[in-house]
Amino acid sequence: MLETAIAEIFKNLPTLETEHLLLRSMKLSDAEDMFDYAADEQVTRYLTWTPHQSVDDSRKFLEYVLSRYDKGEPENWGMELKESSTFIGTCGFMEIIREHNRAEIGYAMSRSYWGKGLMTEAVKAAINFGFETLGLNRIQARCDVPNIGSARVMEKAGMQYEGTLRQWDLIKGEYRDVKLYAVLKNARTYLI
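Nothing here was measured: the structure is a model prediction, and the numbers come from that model. (Residues numbered from 1 in each chain as written. Predicted model: local features only at pLDDT ≥ 70, side-chain atom pairs only at ≥ 80, totals over all residues. Heavy atoms only, no water.)

1. Notes on the overall build of the protein
For clarity, the cut-off: Elements are defined by DSSP. Helices are runs of H or I of four residues or more, strands are runs of E of two residues or more, and each kind is numbered from the N terminus. Taken over C-alpha atoms, the radius of gyration is set against a globule rule of 2.2 Å times the number of residues to the power 0.38. Think of it in three bands: with a 1.4 Å probe and only protein chains considered, a residue is buried below 20% of the maximum accessible area for its type, exposed above 50%, and partly exposed in between. Contacts: residue pairs with any heavy atoms within 4.5 Å of one another.
A tally of helices and strands in the protein yields 6 helices and 8 strands. Its helices and strands taken in sequence order, the protein reads α-β-β-α-α-α-β-β-β-α-β-α-β-β from the N to the C terminus. In terms of overall size, the protein behaves like a compact globule, its C-alpha atoms giving a radius of gyration of 16 Å where 192 residues would be expected to give roughly 16 Å. Along the longest, intermediate and shortest principal axes, the C-alpha atoms of the protein span 45 × 35 × 30 Å. Among the 192 residues that make up the protein, the fraction classed as buried is 49%. Looking at the protein alone, contacts between residues at least 24 apart form 63% of all its contacts between residues at least 6 apart.

Following this line, the structure appears as structure tokens:
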């Protein structure tokens with residue numbers, strides 16, 4: 001029953017509004033804006049995927065995301081800057097483990113918007129949604145050890161550093177150490 005309710009939420013992913021952003025379902029028309037950042041080697045440096053080579057790569061990725069929405073599988077929101085209606089990145093749940101009421105968040109954003117607090121704003125909204133709407137108890141996120149910007153996002157979003165997972169991921173031919181951060185529902189100090 002609970003699994004069905006979660007699937008229905010992701011099939012009809014609600015739009016979340018923050019001060020500067022709309023977190024909304026992605027659509028095929030986001031392909032060009034997505035390509036603008038997904039082709040950037042600085043953006044993808046610490047991610048599991050390689051830079052997109054064409055707008056068609058971004059379109060194919062969006063088709064995959066839409067198929068996950070259709071199946072009710074956990075998937076990211078698209079981040080739209082309210083002032084310009086520009087699609088600037090993604091943020092959301094990569095995995096939900098219902099039996100333990102925990103989930104993992106992932107995110108990526110155009111380098112043009114780094115350092116402005118926008119990703120922290122999006123992550124806080126996703127965390128709040130996870131606790132309040134999905135009934136989660138624990139939400140975590142990971143980043144490569146040298147990815148200082150991502151670690152700062154997690155810290156500013158209220159997550160605590162729990163440790164380093166040595167050679168956790170094999171990405172682009174190399175084993176990577178990652179930092180693990182998490183926040184617990186009963187330990188949050190803010191509500192959005």
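2. Quick notes on the sheet that holds strand E8 (residues 174-184)
Rule in force here: When DSSP finds two or more bridges between a pair of strands, those strands are recorded as paired. A fitted line through C-alpha atoms serves as each axis, taken over the contacting stretch for helices, and the angle formed by two N-to-C directions is quoted from 0 to 180°.
The sheet built from 8 strands is open, its strands ordered E1-E2-E3-E4-E5-E6-E8-E7 with mixed pairing. Of all strands in the sheet, those bounded by a partner on one side alone are strand E1 (16-17) and strand E7 (160-171). As paired strands, strand E6 (residues 138-144) and E8 are joined by 7 bridges and run antiparallel to one another. Considered in E8, the bridge of Arg-142 is made with Leu-180. Across the sheet, helix H5 (residues 118-132) touches E1, strand E2 (21-24), strand E3 (76-81), strand E4 (86-97), strand E5 (102-109), E6 and E8, and the angle it forms with E4 is around 35 degrees.

3. Here's the deal with helix H2 (residues 31-38)
As a reminder of what qualifies: When we speak of the arc, we mean the arc of directions from the helix axis to the C-beta atoms.
Regarding H2, the residues found buried are Ala-31, Met-34, Tyr-37 and Ala-38. Seen along its axis, H2 keeps its buried residues to an arc of 130 degrees; they face one direction. Pointing more than 90 degrees away from the buried face of H2 are the exposed residues Glu-32 and Asp-36. Where the residues of H2 are buried, they touch helix H3 (41-44), helix H4 (55-71), E4 and E5.

4. Structural notes on the pattern of salt bridges
Opposite charge on two side chains allows them to pair when their charged atoms are near. What counts is decided by this rule: The salt bridge criterion pairs a side-chain nitrogen of Lys or Arg with a carboxyl oxygen of Asp or Glu, the two atoms within 4 Å.
Tallied over the entire structure, the rule returns 14 salt bridges. Residues Asp-30 and Arg-24 are paired through a salt bridge, measuring 2.8 Å at the closest nitrogen-oxygen approach. By relative accessible area, Asp-30 is classed as buried at 3%. We note a salt bridge from Arg-176 to Asp-144, for which the minimum N-O separation is 2.9 Å. Remark: Asp-144 occurs in strand E6 and Arg-176 occurs in strand E8; sequence separation between them is 32 residues. Across this residue pair, the class does not change: Arg-176 and Asp-144 are buried.

5. Topic: the environment of Asn-147
With respect to the helices, strands and loops of the structure, Asn-147 is situated in the loop between E6 and helix H6 (148-156). Between the alpha carbons of Asn-147 and Ala-122 there is a distance of 18 Å; along the sequence they are 25 residues apart.

6. Side note on the nonpolar core
Inclusion rule: In this text, buried Ala, Val, Leu, Ile, Met, Phe, Trp, Tyr and Cys residues form a nonpolar core when linked through side-chain atoms within 4.5 Å.
Met-79, Cys-91, Phe-93, Met-119, Ile-127, Leu-134 and Ile-139 are the most contacted members of the largest nonpolar core, which has 52 residues in total. Sequence-distant contacts of Met-119, that is, excluding residues within four places in its chain, are made with Met-79, Thr-90, Cys-91, Tyr-107, Ala-108, Met-109 and Val-153.

7. What to know about the packing of aromatic side chains
So the rule is basically this: In summary, the pairing rule links any two rings of Phe, Tyr or Trp, Trp by its six-membered ring, whose centres are within 6.5 Å, and it sorts them by plane angle into stacked for under 30 degrees, edge-to-face for over 60 and tilted for everything else.
For the structure on display, the rule yields 5 aromatic pairs. Between Trp-77 and Phe-129, the aromatic rings sit 5.1 Å apart at their centres with planes inclined by 85 degrees, giving edge-to-face as the arrangement. Taken as a pair, Trp-77 in strand E3 and Phe-129 in helix H5 lie far apart in primary sequence, 52 residues in all. Of the residues examined, Phe-129 reaches a relative accessible area of 5% and is grouped as buried.

8. What to know about the side chain of Arg-138
As for its placement among the helices and strands, Arg-138 is situated in strand E6. Classification of Arg-138 by relative accessible area gives buried; the value is 18%. Once residues lying within four places of it in the same chain are set aside, the contact partners of Arg-138 are Asn-101, Arg-102, Ala-103, Phe-131, Glu-162, Leu-180, Ala-182, Val-183 and Leu-184.

9. Quick notes on unusual backbone geometry
Unusually for a residue other than glycine, Ser-85 sits at a positive phi of about 60 degrees. Mapping Ser-85 onto the fold places it in the loop between E3 and E4.

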